[in-house]
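What follows is the residue order along each chain.
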Amino acid sequence: MAEVVTKGTGEVERTADRAQVDVTFEALGAERSEAVSTLNQRISAVEPLLADFEVRSRQLSVHDNWDNNQRIGSRATQQYVIWVSDLDKLDGLLAELVQAEPSWVNGPSWTLVDDTEAVREAQKEAVADALRRAEGYANALGRRLGPLLRIGDTDGGGYSPKMMRSASFEMAGPAGMVDQLNLKAQQITVTASCTAAWALLD
């Protein structure tokens, strides 16, 4: 039995409803214990700021610094990955984090809390696209399109920001300046891609 195989793609846009912020604090000391102690003092004011947010990870790193094979002290680093679902609180969180003088802030990067509905809509569009293509080939051959024989995902699905508008900065200046960075929720493009095989009838 003859068949026609087509690929279809679907794409929908949704406004991001969750932001991720990565922030790093560092401290130096003559010894590792001194570096960790100084770091603890720095982040003691940070932890209360995170009570209303989902901290996905806290990662501590402690190591010696070297220069020409000579030990010149120690460094302690605390890295946070923070999820913000109440986007009205994002500017305030960033302002307070910057005021705490981290070594590095990266974000926000944007995601969807639940992409199920968007993925399904993109899948429907992908199947409809594959069907349109199959009907076109069948008509070009003077044949009728028969039933669907098989279908599967292809590479290329997923979602990504439509425009990259995150910010990375080391000391972004006064906390009051953060709200001028226009860190608004961006559009997320959700895509799906499929390959489908259809029977060709006389």
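Definitions and limits used
Residues numbered from 1 in each chain as written. Predicted model: local features only at pLDDT ≥ 70, side-chain atom pairs only at ≥ 80, totals over all residues. Heavy atoms only, no water. Helix = DSSP H or I, 4+ residues; strand = E, 2+ residues; numbered from the N terminus. Contact = heavy atoms within 4.5 Å. Areas by Shrake-Rupley, 256 points an atom, 1.4 Å probe, with all protein chains shown as cover. Salt bridge = Lys/Arg side-chain N within 4 Å of Asp/Glu carboxyl O. Buried < 20%, exposed > 50% of the residue type's maximum accessible area, 1.4 Å probe, protein only. Phe/Tyr/Trp six-rings, centres within 6.5 Å; stacked < 30°, edge-to-face > 60°. pLDDT = per-residue confidence, 0-100. Core = buried A, V, L, I, M, F, W, Y, C linked by side-chain atoms within 4.5 Å. Pairing = 2+ DSSP bridges. Expected span 1.5 Å × (residues − 1).

Trainee: How would you explain the overall build of the protein chain if you had to name every residue and give the values?
Mentor: A tally of regular secondary structure across the protein chain gives three helices and nine strands. Starting at the N terminus and ending at the C terminus, the protein chain contains elements arranged as β-β-α-β-β-α-β-α-β-β-β-β. At a minimum sequence separation of 6, the contacts of the protein chain that also span at least 24 residues come to 84%. Here the protein chain displays about 11600 Å² of accessible surface, and carbon together with sulfur accounts for 47% of that area.

Trainee: Go over the pattern of salt bridges, please, and point to the residues and values.
Mentor: Enumeration over the complete set of coordinates arrives at 11 salt bridges. A salt bridge links Arg 75 to Glu 26; the nearest nitrogen and oxygen atoms lie 3.3 Å apart. Placement of Arg 75 in strand β4 (residues 70-84) and of Glu 26 in strand β2 (residues 18-29) is noted, with a sequence separation of 49 residues between them. The exposure class assigned to Arg 75 is partly exposed, which follows from its relative accessible area of 24%. What makes Glu 26 partly exposed here is its relative accessible area of 26%. When salt bridges that share partners are traced, they join Glu 31, Arg 32, Asp 64 and Arg 71 into one network.

Trainee: Any chance you could break down the packing of aromatic side chains for me, citing the residues and the numbers?
Mentor: Applying the stated rule across the entire model yields one aromatic pair. Each ring, one from Phe 25 and one from Tyr 80, has its centre 6.3 Å from the other, and the planes form 85°; the classification is edge-to-face. With a gap of 55 residues between them, Phe 25 in strand β2 and Tyr 80 in strand β4 connect regions that are remote in the sequence. Note on Phe 25: relative accessible area 0%, which makes it buried. The class of Tyr 80 is buried, set by a relative accessible area of 1%.

Trainee: Hey, could you go over the confidence of the model for the protein chain for me, with residue numbers and the actual values?
Mentor: For the protein chain, the mean per-residue pLDDT works out to 88, and 87% of the residues sit at or above 70. Confidence over residues 163-176 falls short of pLDDT 50; this stretch has 30 contacts with residues more than four positions distant or in other chains.

Trainee: An account of the nonpolar core is needed here, citing residue identities and associated values.
Mentor: By size, the foremost hydrophobic cluster in this structure holds 40 residues, and its most contacted members are Tyr 80 and Ile 82. Contributing elements (two or more residues each) for this core: β1 (3-15), β2, α1 (32-43), β4, α2 (90-99), β5 (104-111), α3 (116-141) and β9 (187-201). For this core, the element with the most residues is β9, which contributes seven residues. Those residues in contact with Ile 82, other than ones at most four positions away along the chain, are Ala 19, Gln 20, Val 21, Val 23, Leu 50, Phe 53, Glu 54, Val 55, Leu 93 and Leu 97.

Trainee: Can you break down the pairing of β2 residue by residue, with the values?
Mentor: Among the 12 residues of β2, nine are classified as buried, and the element is accordingly described as predominantly covered. For β2 and β5, the ladder comprises six bridges, and the chain directions are antiparallel. Each bridged residue has a counterpart across the sheet, and for Asp 22 the counterpart in β5 is Asn 106. In terms of strand pairing, β2 meets β4 through 11 bridges, oriented antiparallel. Residue pairing in the sheet places Glu 26 in a bridge with Thr 77 of β4.

Trainee: Quick rundown of α3? Include the residues and the values.
Mentor: With 26 residues, α3 should reach 38 Å at 1.5 Å per residue; the first-to-last C-alpha distance of 38 Å fits that figure. Taken residue by residue, α3 has Ala 118, Ala 122, Ala 126, Asp 129, Ala 130, Ala 134 and Ala 138 as its buried positions. Residues of α3 that are buried in the fold lie against β1, β6 (144-153) and β9. Within two residues after α3, Gly 142 carries a phi angle of roughly 70°, on the positive side.

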